[in-house]
Amino acid sequence: MIRNYFKTAWRNFWKNKTFSFINIAGLAIGISAALVIYLIVQFEFSYDTFWKDKSRVYRVVTDMTFPGGSVFKNSGVEIPLPVAARNEMTGIETFTHFITANDPKVTVPVAGSKSPAVFKHQKGIMYADEFYFSMFQYNWLAGSPQAALKDPSQVVLTEDRAKSYFGNIPFENMIGRQINYEDSIQTIVTGIVKQLPDKATDFRFDEFISISTIFNTNLKNQYVVDEWNSVNSNSQLFIKLSPGTKPGEVQAQFAALRNKYRSKENNEKDDTKHLLQPLSDIHFNADYGDLSHRRAHKPTLYGLMAVAVFLLLLGCINFINLTTAQSSQRAKEIGIRKTLGSSKATLALQFLSEIFLLTLIATIVSIAVTPWLLKIFSDFIPPEINFSSVNQPHVWIFLALLVVVMTLISGFYPSWILTKFRPVTVLKNQLHPGASQGRKAWLRKSLTVTQFVIAQFLVIATLVVSKQISYSLNKDLGYKKDAIVYFYTPHNFYSNKKDDRRFALLEKIKSIPAVKEISLGGEAPAHSGAVSSTFKINTGKNEIELMVETINADPAYFDIYGLKLLSGKFPDKSDTAKEYIINETYAKALGFSNPADAIGKFVNRGSFSLPIVGVLKDFHTKSTHSKIGPLIYSSSDRNSYMMHIALASQENSPGLWKKTLGLIEKEYKKLYPDDEFQYNFFDETIAAFYKKEQDVKSLLNWSAGLCIFISCLGLLGLVIYTTNTRVKEIGIRKVLGASVTQIVTLLSKDLISLVMVAFLIAAPLSWLAMNKWLQDFAYRTNISWWVFAACGISMLVLAFFILGIRTVKAAMANPVKSLRTE
């Protein structure tokens, strides 16, 4: 019997090829999108879910409130805190403390060779305590977790990192081998662990050096290991709560512990708080960041899920619309089947089997195009996701459930309508449009309106996002951004030796012809990070203390970036800080409405007191998401390690920049032979601020395009059905003198009116949604009237075109032929 159902289904598909293609195409697009989105969402939400007792594991983070009310969120803790907490706090089952390393150079002695193997800028290295492997479980290939990190100068390696250092010798033979870090830290291998089996983790570390190494070497001076008033984001503390312990109880203990040990100068109030961040929140929380520097954005993931639902819904709507529209064509079949004894349940099962087969075909098509989709969206799909990700049990379960759910959603209403036909009425050919047919027409219209509401909502959203990105990139940001390149000069974090090579490089680069100007300073005017300090200024009326971002710069820096001076002068070149220049926002925060009034005021920082010599016009140091904050420039080049270069125009000399950068790299390699030359163009740095928005725009482009395509397929199917069922009417109207234009208008007006109604619904909804989205930008564009006009007009034009494909052909048909057909 089931076999017969599928044979009948196949014959119906073949008989109605056009409608079958429209249905399969709509469902395949929806299922393809749903599959790719499922892979992304499942991967992101599965981060670090495989750890034992994960619901009781928390990271201790820090919130610091500074003068002026600014709150700085830091993922780290004070370095002495973990030891004190372990000794004095209760309600915690396990503590582990580790400090991430800054990509050091690694050398590995090679047996029989005087020259060691050198590995530059190794990533994934941490200094961990002996409790790390108790909280985070790894499979051990050699060594013991109980003793591996107990003493100074011990290191544990992952399997892959061990093989890269020592080749394919047995893991047991690697134990006791030596590894050196930055030529000053010598360690002995005490353990080898297997790579974590799950790629969905932020704990992507390959080398674990005993944390006691820091306390027993010169590194203790670099990390300030005894300082309770210094919070280091590299210093990470994880805890596992005892069963039944509440996070709030532990946070109160951290507050008491900090109050006990911190230095209390002038009885100042402590504005530093330690909070517990759940392990499951680390991958998504932008305030504190994650461990692997790639975080997911929950609103974007929810948006992706909404897109998947929309596309699946549109495919289902197409199927319901076309099936109910064609229901009268299958009336006699249903009448005969009922006369021969078929029950409603049997008929419903037959129609559902047809829909199941159609959905199954669409699913197979979807799986086939998935590799292509993954390639297209590779820019914002996690690199760990590829076509092999499909071959997992949970993916097949998802597809199976999707097929069943889509079959039921698409098939329930059509099968209910079809099985309601009365055999006597049908076989007497007395099936006339009545209340039931009117209800079906109303439902089809409602579903068509829903399709175009979704499509037009996404079109308006796409236009608004594009407009905001264009506004952010083309806005006057307050500085030059073209033909400027910058790069870091290497600095040994582990060494206190003076290194003047950057000054020699500066002089060498100056002599390159295409270099217009060069500066040695701190960060570029716009940058992702920030170094801030607390400054006090006596304005003459009162003393104001604020948290202010600081950057080092020499005089050439201001000229390269075209920063504008409102009052005073630029600081003079100096190897130590002698004077400051502040921005307009800082001057206003100090109460100076006239920038000139700030000149000559002294800035106090610790024991230093230096004068303000100039006020800069405000410029954007971050993206347009953020308001411009207080900023101060120092004239000191002692801690300046970034070269800023203004290049000559290559408009009349194609390839000039490439050649110039090659010459710069040549000079760089002479002084830094072991380091890679990496540079950035300033305009590309600014564009990178809006990568998330660019990804959203790309997603919306595809989503809107697919929604429009599916909606137009449905519209085409309906107009084909309408013209096919009104052939005789069209012929009679032509005989009575109706023109082609009149007939096209008659056939199109109902469907065009549905598109217009959809626009009237989509316009206010999209305005509300996008106005809320724009609130995330401190500096934003407005939602112009032309955005809605462009959407409405383009959708009407597209609808006219789709309808014209069929209505014009029907209107131009020979009426004699039409009437003979009937």
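Residues numbered from 1 in each chain as written. Predicted model: local features only at pLDDT ≥ 70, side-chain atom pairs only at ≥ 80, totals over all residues. Heavy atoms only, no water.

Moving on to unusual backbone geometry. Despite not being glycine, D48 shows a phi value in the positive range, around 55°. Here D48 shows up in the loop between α2 (17–45) and β1 (57–65). Given the relative accessible area of 4%, D48 is considered buried. The backbone of H121 shows a phi angle near 50°, a positive value even though the residue is not glycine. Counting through the fold element by element, H121 comes out in the loop between β5 (117–119) and β6 (125–128). (Helix = DSSP H or I, 4+ residues; strand = E, 2+ residues; numbered from the N terminus. Buried < 20%, exposed > 50% of the residue type's maximum accessible area, 1.4 Å probe, protein only.)

On average, residues of the protein score 84 in pLDDT, and 88% of them reach the 70 mark or higher. Of the regions scoring below 50 in pLDDT, residues 431–436 engages in five contacts with residues more than four places distant in sequence or in other chains. (pLDDT = per-residue confidence, 0-100. Contact = heavy atoms within 4.5 Å.)

So, about the packing of aromatic side chains. Taken as a whole, this structure holds 43 aromatic pairs when the rule is applied. Where F487 meets Y668, the ring centres are 6.0 Å apart and the plane angle is 85°; that geometry is what we call edge-to-face. On the criterion of sequence distance, the pair formed by F487 in strand β14 (residues 484–488) and Y668 in helix α19 (residues 656–671) is long-range, its members being 181 residues apart. Exposure class is identical for F487 and Y668. Each is buried. Across from the ring centre of F284, 5.0 Å away, lies the NZ or CZ of K298, which sits over that ring. The cationic tip of K475 hangs over the ring face of Y779; the distance from NZ or CZ to the ring centre is 5.3 Å. (Phe/Tyr/Trp six-rings, centres within 6.5 Å; stacked < 30°, edge-to-face > 60°. Lys NZ or Arg CZ within 6 Å of the ring centre and 35° of its normal.)

Moving on to a nonpolar patch on the surface. Residues F45, Y302 and M305 make up a contiguous nonpolar surface patch of roughly 260 Å² in combined accessible area. Its place among the elements puts F45 in helix α2. Using a relative accessible area of 30% as the deciding quantity, one classes F45 as partly exposed. (Patch = residues over 30% accessible without salt bridge, like charges linked within 9 Å, V, L, I, M, F, W, Y side chains within 5 Å. Areas by Shrake-Rupley, 256 points an atom, 1.4 Å probe, with all protein chains shown as cover. Salt bridge = Lys/Arg side-chain N within 4 Å of Asp/Glu carboxyl O.)

In this section: the side chain of R59. Among the secondary structure elements, R59 is positioned in strand β1. Among buried Asp, Glu, Lys and Arg side chains, R59 stands out as unpaired, with D281 the closest opposite charge at 7.0 Å. Of note is the side chain of R59, whose polar atom sits 2.9 Å from the side chain of Q236. (Lys, Arg positive; Asp, Glu negative; His and termini not counted. Polar contact = N/O pair within 3.5 Å; in protein donor to acceptor, adjacent residues only side chain to side chain.)

A word on helix α16 (residues 501–510). Every buried residue of α16 is accounted for by R502, L505, L506 and I509. Take α16 and look down its axis: the buried residues cluster within an arc of 105°, on one side only. Its buried side turned inward, α16 meets β14, β15 (515–521), β23 (642–647) and α19. (Arc of directions from axis to C-beta.)

The subject of this paragraph is the pattern of salt bridges. Evaluated as defined, the whole model comprises 21 salt bridges. One salt bridge in this structure joins D53 and K240, with 3.3 Å as the shortest N-O distance. Note that D53 is positioned in the loop between α2 and β1 and K240 in strand β12 (residues 235–241), a separation of 187 residues in sequence. What emerges from the salt-bridge pattern is a single network uniting D53, R56, E93 and K240.

A word on the environment of Q678. Inspection of the secondary structure puts Q678 in the loop between α19 and β24 (680–681). Between the C-alpha atoms of Q678 and Y486, which are 192 residues apart in sequence, the distance is 8.9 Å.

Every second residue of β6 is oriented toward a common face, with I125 and Y127 on one face and M126 and A128 on the other, all of them buried. Sheet analysis places strand β3 (residues 92–100) next to β6, joined by three bridges and oriented antiparallel. Bridge assignment links I99 to a residue of β6, and that residue is Y127. Pairing of β6 with strand β11 (residues 207–210), which is carried by four bridges, proceeds in the parallel orientation. Across the sheet, residue M126 finds its bridge partner in β11, namely F208. (Pairing = 2+ DSSP bridges.)

Interhelical geometry of helix α3 (residues 81–88) versus helix α9 (residues 247–261) gives an angle of 120° and a closest axis separation of 11 Å. Along this stretch, α3 crosses α9, giving a crossing that reads as right-handed. Packed against α3, whose contacting residues are L81, A84, A85 and E88, the element α9 presents F254, L257, K260 and Y261 at the interface. When the residues that make up the contact of α3 with α9 are grouped by side-chain class, the tally is six nonpolar, no polar and two charged. (Axes fitted to C-alpha atoms, helices over the stretch in contact; angles between N-to-C directions. Left-handed = near helix turned anticlockwise from the far one by under 90°. Nonpolar A, V, L, I, M, F, W, Y, C, P; charged D, E, K, R; others polar.)

Taking strand neighbours across the sheet as the criterion, the four strands line up as β15-β23-β14-β24 in an open arrangement whose pairing is antiparallel. Here the strands that pair on one side only, and so sit at the sheet edges, are β15 and β24. In this sheet, β23 lies alongside β15 in antiparallel orientation, the contact comprising six bridges. Its bridge partner lying in β23, G521 is registered against M642. Across the sheet, α16 is in contact with β14, β15 and β23; its angle to β15 comes to roughly 170°. Contacts from α19 reach β14, β15, β23 and β24 within the one sheet, and its direction differs from that of β14 by about 20°.

Right, let's talk about the pairing of β14 for a bit. In terms of residue burial, β14 counts as a mostly covered element, since four of its five residues are buried. Bridge analysis of β14 against β23 gives five bridges, and the strand direction is antiparallel. Paired with Y486 across the bridge in β23 is H644. Two strands pair when backbone bridges link them, and β14 and β24 are joined in this way by two bridges, in the antiparallel orientation. Of the residues in β24, the one forming a bridge with Y486 is N680.

Looking now at the side chain of N552. In this structure, N552 sits in strand β17 (residues 543–552). In contact with N552, other than residues within four places in its own chain, are G521, G522, Y633, S634, S636, N639 and S640.

On to the packing of helix α23 (residues 740–774) against helix α24 (residues 785–811). At a closest axis distance of 9 Å, the pairing of α23 and α24 adopts a crossing angle of 155°. What the angle tells us is that α23 and α24 run roughly antiparallel. Every pair of crossing elements has a handedness; the one defined by α23 and α24 is right-handed. (Parallel < 35°, antiparallel > 145°, perpendicular 65-115°, else oblique.)

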